[in-house]
Amino acid sequence: RVIGSSFVKEGYFVTVSDLFGMSQRGGSVNSFIRVSKESLWAPVIPCGKAHFILSLEPLEALRAVAHYGNSETMVITNSHPLLPLKVMMGEVGYPPMGRLMEALSELSKTAVYLDATAAILGLGARYLSTFMLGVLMSAATLPLDRGRVEDTLMESFHGGRLEVNMKAFKLGLESSTRAAVSYGR
């Protein structure tokens, strides 16, 4: 929501929506942010039309790019797996990381991987999204000023939560320079 609010303050039309899978049973949540200078868009990004995919988990990034990506899509993902329930129970296996990275590269123009979980270990997992927002702001060419995002963070959080979110955001900005990048299509 921080990035959507930041774009609105820059004069863009923004539609934000969330699709909840079986999130209460270990499933994923997909959030869509559609930004336009001209008009509002339908809430869900059509198949094959995503410009950016920002993911907290590599297998979820692969699922998203396979459905929403195209030859110009940039994927940014945490390389640390968050194992699905069936994997933890031993019912199915998790794909090897090398194969996941290869597939992400094949399905996108650019794929950026970094162990965001390790990078924010001292801050706490609840700040992973803010960290990844920092990575996105640093790695992608967005028509959005970093200061605008910081202002939105300051309006969204207060006290200790603001301080830690700002640390996570700045750490994400700095971490993108140490990320592994591959170029696909």
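A brief report on the enclosed structure follows. (Residues numbered from 1 in each chain as written. Predicted model: local features only at pLDDT ≥ 70, side-chain atom pairs only at ≥ 80, totals over all residues. Heavy atoms only, no water.)

Some words on the nonpolar core
Here is step 1 of the chain: Counting residues in hydrophobic clusters, the biggest one holds 32 residues, and the most contacted among them are F131, L133, M137 and V149.
Here is step 2 of the chain: Secondary-structure elements contributing two or more residues to this core are helix 1 (2-9), strand 4 (74-78), strand 5 (110-114), helix 6 (128-139), helix 7 (146-156) and helix 8 (159-175).
Here is step 3 of the chain: With 7 residues, helix 6 is the single largest residue contributor to this core.
Here is step 4 of the chain: Aside from chain neighbours lying at most four places away, what touches F131 is L114, A116, A119, I120, A168, L171, G172 and S175. (Core = buried A, V, L, I, M, F, W, Y, C linked by side-chain atoms within 4.5 Å. Buried < 20%, exposed > 50% of the residue type's maximum accessible area, 1.4 Å probe, protein only. Helix = DSSP H or I, 4+ residues; strand = E, 2+ residues; numbered from the N terminus. Contact = heavy atoms within 4.5 Å.)

What about the environment of N165?
Here is step 1 of the chain: Relative to the helices and strands, N165 is located in helix 8.
Here is step 2 of the chain: Judged by its relative accessible area of 3%, N165 is buried.
Here is step 3 of the chain: Along the primary structure N165 and V149 are separated by 16 residues, whereas in three dimensions their C-alpha atoms are 11 Å apart.
Here is step 4 of the chain: Excluding residues within four positions of it along the chain, N165 makes contact with Y127, T130 and F157.
Here is step 5 of the chain: Of note is the side chain of N165, whose polar atom sits 2.6 Å from the side chain of T130. (Polar contact = N/O pair within 3.5 Å; in protein donor to acceptor, adjacent residues only side chain to side chain.)

Digging into helix 8
Here is step 1 of the chain: The terminal C-alpha atoms of helix 8, which comprises 17 residues, lie 24 Å apart, in line with the 24 Å expected from a rise of 1.5 Å per residue.
Here is step 2 of the chain: Within helix 8, burial applies to L162, V164, N165, M166, A168, F169, G172, L173 and S175.
Here is step 3 of the chain: Residues of helix 8 that are buried in the fold lie against strand 5, helix 5 (116-119), helix 6 and helix 7. (Expected span 1.5 Å × (residues − 1).)

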